[in-house]
Amino acid sequence: MDGKMSWTVSDAVDSKGLPADRSKTGGWVPAALILGIEIIERLSTMGIAVNLVTYLIGTMHLPSATSANTVTDFMGTSFLLCLLGGFLADSFLGRYKTIAIFAMVQAVGTGMLAAVTKLPQLRPPPCHSRNSCVQANGFQMGILYLALYLIALGTGGLKSSVSGFGTDQFDEKDEKEKAQMAYFFNRFFFFISIGTLMAVTVLVYIQDEVGRSVAYGICSVSMFVAILIFFSGTKRYRYKKSMGSPIVHIFQVIVAAFRKRKMDLPHNVCLLYEDTPEASRIQHTEQFRFLDKAAIVGQGDFKNNDLALNPWKLCSVTRLEEVKMMIRLLPIWATTIIFWTTYAQMITFSVEQASTMRRSIGSFQIPAGSLTVFFVAAILITLAVYDRLIMPLWKKWKGKPGFSNLQRIAVGLVLSAVGMVAAALVERRRLSVARAVGGTTTATLPLSVFLLIPQFFLVGSGEAFIYTGQLDFFITQSPKGMKTMSTGLFLTTLSLGFFVSSFLVMVVKKVTASNGGHGWLADNINSGRLDCFYGLLAVLGVMNFVVYLICAAWYKPKNAKSGLQMETIDASGSSAEQKC
């Protein structure tokens, strides 16, 4: 019996619902089948996003600011829908079904986008002169939006489950498979970068030189093939039972605390309800005491007077402490949003800048959207330098294996602000050349596109630090039962960053063009003052960094020890309470 049990995974089942046989399920082969879906998702989403602004301006004849906002709204919605995908996976569908359903949604969306960009009835007629351009009508834009947001829905559902389902194929309790899981994470991020690199080079080139409908059709067919490959591993996957949605658990604590808002807290915290096993308990803390009322035992808290409690009336101390831990993450969460607002400029206005500059190398014309290859290269170079140079030096100097997660976030914020300063300086140079050679009538300015490399490289390096820092912070500093929720919280910073970009563009355009002039964000980029907009983002970045330092200083004393020791730390900075 003992030998037989050693071949099963305790917390996973196979496709038939039986205990998962370690020799027949899980491991590298099923994980690799899952990775295929992620590669195609990155290829599709980034291939569309980095070159969409040129299509909206050049083919649909939308104003510059409107085109930029369309792209940022699309990306923001994609990341925001990760919360929906995570909720459905945790509460109803499970990760396998969630991946299958939303992968199909994205495949249909990219197929529809291929048709939209192919049919002449779904776009306005070409411009014969600048004054004769007809903007796309409501019906044409409506069909385009339908295709884009189907893709966004598919992206959100996939992102919420792919990495989690991949790690489900490894048993954390087995030392060999635990090491393989860490290797899987490395390969997961590597393949994300490969997908992005293919998107901004090969796919963008096909869009510009062959046709957008062909490029998007390739994405759709590739996703259908990836889905078939994914289904081929159904019998080899390990499936883990859902523990319920963390979002529901959070609302249960809030509702229970609100219902008992008029009750007095006991002087002895030992009188608060706790049913969590001793090994998994989180020690009570003094911060956010209003939530403690959710653990006061009152009349009617148990169903039918038996031991089954009503979670909307009574929660354990551990459950409410998990909610407190999530609340403590919010200041850091809020101060990282501005980075992704800066990031949004790299796939919108920076691409539009590139479209006006000289991009040829000999007879080869670099697509404007492919300039983001320097962004991806900066990420890969920065990660390599950090891993091979900075980490060993830091360990030798400080005795620690690299920067802490909060330090990495700080470095990312600084680099993004410096990147916006560089972008503002380059844009001033570009505008001066545009005015000197004729302003708005010149299609290509006598200025090398490679002047944009510093802003791409600085913000790209910043992403390498802030992405890894945020992911590490939200995973290690969150409760064990809310890892999916904390990952979703991290992804909402990307979403809100894009939405803040759209809001800023709308406000700046309205305020600066109020006197009848072109304003900072003119319909023609050569008539505006994009340098001032970049300068504004640099100032906001510096102000945000100061607020971040305050929040980081407030947070660190609360977590002097590792997340595994969290249960013994009093969040108010005082010594741990005596166990009840």
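These numbers were taken from a predicted model, which means no experiment stands behind them.

Q: Pulling in residues and values, what's your account of the packing of helix H2 (residues 28–58) against helix H7 (residues 212–232)?
A: The contact between H2 and H7 brings their axes to 8 Å, and the two run at 165°. In terms of their interaxial angle, H2 and H7 are classed as roughly antiparallel. As H2 runs across H7, the sense of the crossing is left-handed. Contacts between H2 and H7 pair Leu33, Ile34, Gly36, Ile37, Ile40, Glu41, Leu43, Ser44, Ile48, Asn51, Thr54 and Tyr55 from the former with Arg212, Tyr216, Cys219, Ser222, Met223, Ala226, Ile227, Ile229, Phe230 and Ser232 from the latter. Per-class residue counts for the contact of H2 with H7 are 14 nonpolar, 6 polar and 2 charged.

Q: Residue-level account of the packing of aromatic side chains, with values.
A: With the rule as written, the count across this model stands at 33 aromatic pairs. Arranged with centres 5.7 Å apart and planes meeting at 55°, the rings of tyrosine 386 and phenylalanine 403 form a pair that is tilted. Highlighted residues: tyrosine 386 in helix H12 (residues 373–398) and phenylalanine 403 in the loop between H12 and helix H13 (405–436), separated in sequence by 17 residues. The exposure class of tyrosine 386 is buried, given its relative accessible area of 12%. Plain terms: the ring middles of tryptophan 394 and phenylalanine 403 are 4.7 Å apart, the flat faces sit at 90° to each other, and that makes the pair edge-to-face. Linked through ring pairs, Phe79, Phe339, Trp340, Tyr343, Phe375, Tyr467, Phe473, Phe474, Phe490, Phe498 and Tyr555 together constitute an aromatic cluster. Sitting over the face of the ring of phenylalanine 258, arginine 261 holds its NZ or CZ atom 4.1 Å from the ring centroid.

Q: Lay out the state of the cysteines in plain terms, naming residues and giving numbers.
A: Taken as a whole, this structure holds 1 disulfide when the rule is applied. Residue cysteine 127 pairs covalently with cysteine 133 via a disulfide, S to S 1.8 Å. Between cysteine 127 and cysteine 133 the sulfur-sulfur dihedral comes to about 130°; the bridge is accordingly right-handed. Residue cysteine 127 is classed as partly exposed on the basis of its relative accessible area, which comes to 31%. Look at cysteine 133 and you get partly exposed, because its relative accessible area is 35%.

Q: Could you give an account of the pattern of salt bridges, naming the residues involved and the relevant values?
A: Considering all chains together, one arrives at 12 salt bridges under this definition. Ionic pairing is found between arginine 430 and glutamate 427, a salt bridge with its closest N-O pair at 2.8 Å. Of the two residues, arginine 430 and glutamate 427 are both situated in helix H13; the distance of 3 residues between them amounts to about one turn of the helix. Judged on exposure class, the residue arginine 430 and its partner glutamate 427 are both buried. Among the charged side chains, a salt-bridge network with shared partners connects Glu286, Arg289, Asp292, Glu321 and Lys324.

Q: Requested: an account of helix H4 (residues 138–159), with residues and values cited.
A: A rise of 1.5 Å per residue sets the reference length of H4, with its 22 residues, at 32 Å; its end C-alpha atoms lie 31 Å apart and thus fit the reference within 8%. By the N-cap criterion, in which a side-chain oxygen at the helix start approaches the backbone nitrogen of a residue two or three places on, H4 is capped by asparagine 137, the distance to phenylalanine 139 being 3.2 Å.

Q: Let's hear about a nonpolar patch on the surface: which residues, and what values?
A: A surface patch of nonpolar side chains, amounting to about 430 Å² of accessible area, comprises Ile381, Val385, Leu389, Leu393 and Phe457. With 4 residues, the single largest contributor to the nonpolar patch is H12. Within the secondary structure, leucine 389 sits in helix H12. Judged by its relative accessible area of 48%, leucine 389 falls in the partly exposed class.

Q: Explain the environment of tyrosine 96 residue by residue, including any values.
A: If you trace the backbone, tyrosine 96 turns up in helix H3 (residues 64–118). Distance from tyrosine 96 to lysine 240, taken between C-alpha atoms, is 9.8 Å for residues 144 residues apart in sequence. Discounting chain neighbours no more than four positions away, the residues touching tyrosine 96 are Phe165, Phe230, Phe231, Thr234, Tyr237 and Tyr239.

Q: Could you give me a rundown of the packing of helix H10 (residues 337–346) against helix H14 (residues 453–476), with the residues and numbers involved?
A: Running from amino to carboxyl end, H10 crosses H14 at an angle of 140°, the nearest separation of the two axes being 10 Å. As summarised for this structure, H10 and H14 are arranged oblique, according to the angle between their axes. Considering only the axes of H10 and H14, their crossing is left-handed. When H10 is examined against H14, the residues Phe339, Trp340, Thr342, Tyr343 and Met346 are found in contact with a partner set consisting of Gln455, Phe456, Val459, Gly462, Glu463, Ile466, Tyr467 and Gln470. Its residues assigned to classes, the contact of H10 with H14 comprises 8 nonpolar, 4 polar and 1 charged.

Q: Tell me about the confidence of the model for the chain, and name the residues and values.
A: Taken over all residues, the pLDDT of the chain has a mean of 83, while the share at 70 or more is 89%. Below pLDDT 50 for its whole length, residues 1–5 participates in 0 contacts with residues either more than four positions away or in separate chains. Ignoring residues within four places in sequence, the model shows residues 557–579, a span with pLDDT below 50, making 31 contacts including any to other chains.

Q: Explain the pairing of strand E6 (residues 445–448) to me, using residue names and the numbers behind them.
A: The two faces of E6 differ: Leu445 and Leu447 on one face are buried, but Pro446 and Ser448 on the other face are not. Across 2 bridges, the pairing between strand E3 (residues 357–358) and E6 is parallel. For methionine 357, the partnering residue across the bridge sits in E6 and is leucine 445.

Each value, and the rule that gives it
Residues numbered from 1 in each chain as written. Predicted model: local features only at pLDDT ≥ 70, side-chain atom pairs only at ≥ 80, totals over all residues. Heavy atoms only, no water. Axes fitted to C-alpha atoms, helices over the stretch in contact; angles between N-to-C directions. Helix = DSSP H or I, 4+ residues; strand = E, 2+ residues; numbered from the N terminus. Parallel < 35°, antiparallel > 145°, perpendicular 65-115°, else oblique. Left-handed = near helix turned anticlockwise from the far one by under 90°. Contact = heavy atoms within 4.5 Å. Nonpolar A, V, L, I, M, F, W, Y, C, P; charged D, E, K, R; others polar. Phe/Tyr/Trp six-rings, centres within 6.5 Å; stacked < 30°, edge-to-face > 60°. Buried < 20%, exposed > 50% of the residue type's maximum accessible area, 1.4 Å probe, protein only. Lys NZ or Arg CZ within 6 Å of the ring centre and 35° of its normal. Disulfide = S-S within 2.5 Å. Salt bridge = Lys/Arg side-chain N within 4 Å of Asp/Glu carboxyl O. Expected span 1.5 Å × (residues − 1). Polar contact = N/O pair within 3.5 Å; in protein donor to acceptor, adjacent residues only side chain to side chain. Patch = residues over 30% accessible without salt bridge, like charges linked within 9 Å, V, L, I, M, F, W, Y side chains within 5 Å. Areas by Shrake-Rupley, 256 points an atom, 1.4 Å probe, with all protein chains shown as cover. pLDDT = per-residue confidence, 0-100. Pairing = 2+ DSSP bridges.

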